[in-house]
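Chain by chain, the residues:
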Amino acid sequence: MHRLWLTTDWLLSAFSLQRSDTVLRYAAFLAEGRHQSGPWKKLINQIFLGSEAVVANLQSNLGANARLLEIPAIQRRPLPQRVAQIA
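Presented here is an overview of the structure given in this document. Computed from a prediction, not measured in an experiment: that's the story for all the values here. (Residues numbered from 1 in each chain as written. Predicted model: local features only at pLDDT ≥ 70, side-chain atom pairs only at ≥ 80, totals over all residues. Heavy atoms only, no water.)

## Looking at the overall build of the chain
Item 1. Assigned secondary structure in the chain consists of 5 helices and 2 strands.
Item 2. Put simply, the chain runs from its N terminus to its C terminus through helices and strands in the order α-α-β-β-α-α-α.
Item 3. Counting only contacts in the chain whose residues sit at least 6 apart along the sequence, the fraction spanning at least 24 positions is 29%.
Item 4. When the accessible surface of the chain is split by element, carbon and sulfur atoms take 59% of a total near 7,900 Å². (Helix = DSSP H or I, 4+ residues; strand = E, 2+ residues; numbered from the N terminus. Contact = heavy atoms within 4.5 Å. Areas by Shrake-Rupley, 256 points an atom, 1.4 Å probe, with all protein chains shown as cover.)

Below is the structure:
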(Lines give C-alpha, C1' and ligand atoms only; values in the text may rest on other atoms or scores of the structure.)
Protein backbone atom coordinates (compact mmCIF):
# COMPACT_ATOMS: atom_id res chain seq x y z
CA MET A 1 0.00 0.00 0.00
CA HIS A 2 1.43 3.35 -1.04
CA ARG A 3 0.61 6.31 1.19
CA LEU A 4 0.86 9.68 -0.52
CA TRP A 5 1.40 11.53 2.77
CA LEU A 6 4.35 9.37 3.80
CA THR A 7 7.39 10.98 2.17
CA THR A 8 10.20 8.70 3.28
CA ASP A 9 12.44 9.64 0.36
CA TRP A 10 12.33 13.30 1.34
CA LEU A 11 13.06 12.52 4.99
CA LEU A 12 15.88 10.10 4.25
CA SER A 13 17.48 12.48 1.73
CA ALA A 14 18.52 14.66 4.69
CA PHE A 15 20.96 11.94 5.72
CA SER A 16 22.49 10.97 2.37
CA LEU A 17 21.71 10.87 -1.33
CA GLN A 18 22.55 7.17 -1.61
CA ARG A 19 19.81 4.90 -0.29
CA SER A 20 22.17 2.37 1.34
CA ASP A 21 23.98 5.10 3.31
CA THR A 22 20.73 6.87 4.10
CA VAL A 23 19.12 3.99 5.95
CA LEU A 24 22.24 3.34 8.03
CA ARG A 25 22.68 7.02 8.91
CA TYR A 26 19.00 7.38 9.80
CA ALA A 27 19.20 4.32 12.07
CA ALA A 28 22.28 5.80 13.77
CA PHE A 29 20.45 9.13 14.21
CA LEU A 30 17.55 7.37 15.91
CA ALA A 31 19.90 5.37 18.14
CA GLU A 32 21.66 8.57 19.29
CA GLY A 33 18.40 10.13 20.42
CA ARG A 34 16.87 7.04 21.97
CA HIS A 35 17.98 7.76 25.54
CA GLN A 36 17.73 11.54 25.46
CA SER A 37 14.91 13.39 27.12
CA GLY A 38 12.24 14.71 24.82
CA PRO A 39 11.40 18.37 24.31
CA TRP A 40 8.37 18.31 26.64
CA LYS A 41 10.32 19.21 29.81
CA LYS A 42 11.88 22.19 28.03
CA LEU A 43 8.59 23.79 27.02
CA ILE A 44 7.89 27.23 28.46
CA ASN A 45 4.23 28.03 29.21
CA GLN A 46 3.44 24.67 27.56
CA ILE A 47 3.74 26.10 24.02
CA PHE A 48 7.18 27.70 23.53
CA LEU A 49 10.43 25.87 22.95
CA GLY A 50 13.60 27.98 23.09
CA SER A 51 15.66 30.30 25.26
CA GLU A 52 14.09 33.03 27.37
CA ALA A 53 15.09 35.57 24.70
CA VAL A 54 13.38 33.54 21.96
CA VAL A 55 10.22 33.20 24.05
CA ALA A 56 10.18 36.92 24.89
CA ASN A 57 10.56 37.74 21.19
CA LEU A 58 7.74 35.39 20.22
CA GLN A 59 5.46 36.80 22.89
CA SER A 60 6.17 40.38 21.84
CA ASN A 61 5.39 39.47 18.22
CA LEU A 62 2.05 38.04 19.29
CA GLY A 63 1.03 41.46 20.57
CA ALA A 64 -1.24 42.32 23.43
CA ASN A 65 -4.27 42.58 21.16
CA ALA A 66 -3.83 39.20 19.49
CA ARG A 67 -6.96 37.09 19.63
CA LEU A 68 -5.62 33.67 20.45
CA LEU A 69 -8.68 32.06 21.92
CA GLU A 70 -7.33 28.55 21.38
CA ILE A 71 -4.37 29.30 23.71
CA PRO A 72 -5.31 29.70 27.39
CA ALA A 73 -4.47 33.09 28.93
CA ILE A 74 -2.08 31.55 31.46
CA GLN A 75 0.06 30.25 28.60
CA ARG A 76 0.15 33.65 26.88
CA ARG A 77 1.24 35.70 29.87
CA PRO A 78 4.85 36.94 30.07
CA LEU A 79 7.50 34.86 31.79
CA PRO A 80 8.00 35.69 35.46
CA GLN A 81 11.14 37.64 36.30
CA ARG A 82 14.00 35.86 38.00
CA VAL A 83 14.78 36.75 41.61
CA ALA A 84 18.09 38.32 40.50
CA GLN A 85 16.18 40.66 38.18
CA ILE A 86 13.80 41.79 40.91
CA ALA A 87 16.34 42.26 43.73
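## A closer look at the environment of Ile-47
Item 1. Along the chain, Ile-47 falls in the loop between strand E1 (43-44) and strand E2 (48-49).
Item 2. Put simply, Ile-47 and Gln-75 are 28 residues apart on the chain and 7.2 Å apart in space, counted from C-alpha to C-alpha.
Item 3. For Ile-47, the contacting residues outside a window of four places in its chain are Ile-71 and Gln-75.

## Section: the side chain of Thr-22
Item 1. Here Thr-22 shows up in helix H2 (residues 19-33).
Item 2. Looking at Thr-22, the relative accessible area reads 3%, which means it is buried.
Item 3. Setting aside residues no more than four positions away along its own chain, Thr-22 makes contact with Leu-12, Ser-13, Phe-15, Ser-16 and Leu-17. (Buried < 20%, exposed > 50% of the residue type's maximum accessible area, 1.4 Å probe, protein only.)

## Topic: the environment of Asn-45
Item 1. One can find Asn-45 in the loop between E1 and E2.
Item 2. Along the backbone, Asn-45 and Val-55 are 10 residues apart, and their C-alpha atoms lie at a distance of 9.4 Å.
Item 3. If we ignore the near neighbours within four places in the chain, the residues touching Asn-45 are Gln-59, Ile-74, Gln-75, Arg-77 and Leu-79.

All we've got here are geometric facts, nothing functional implied.
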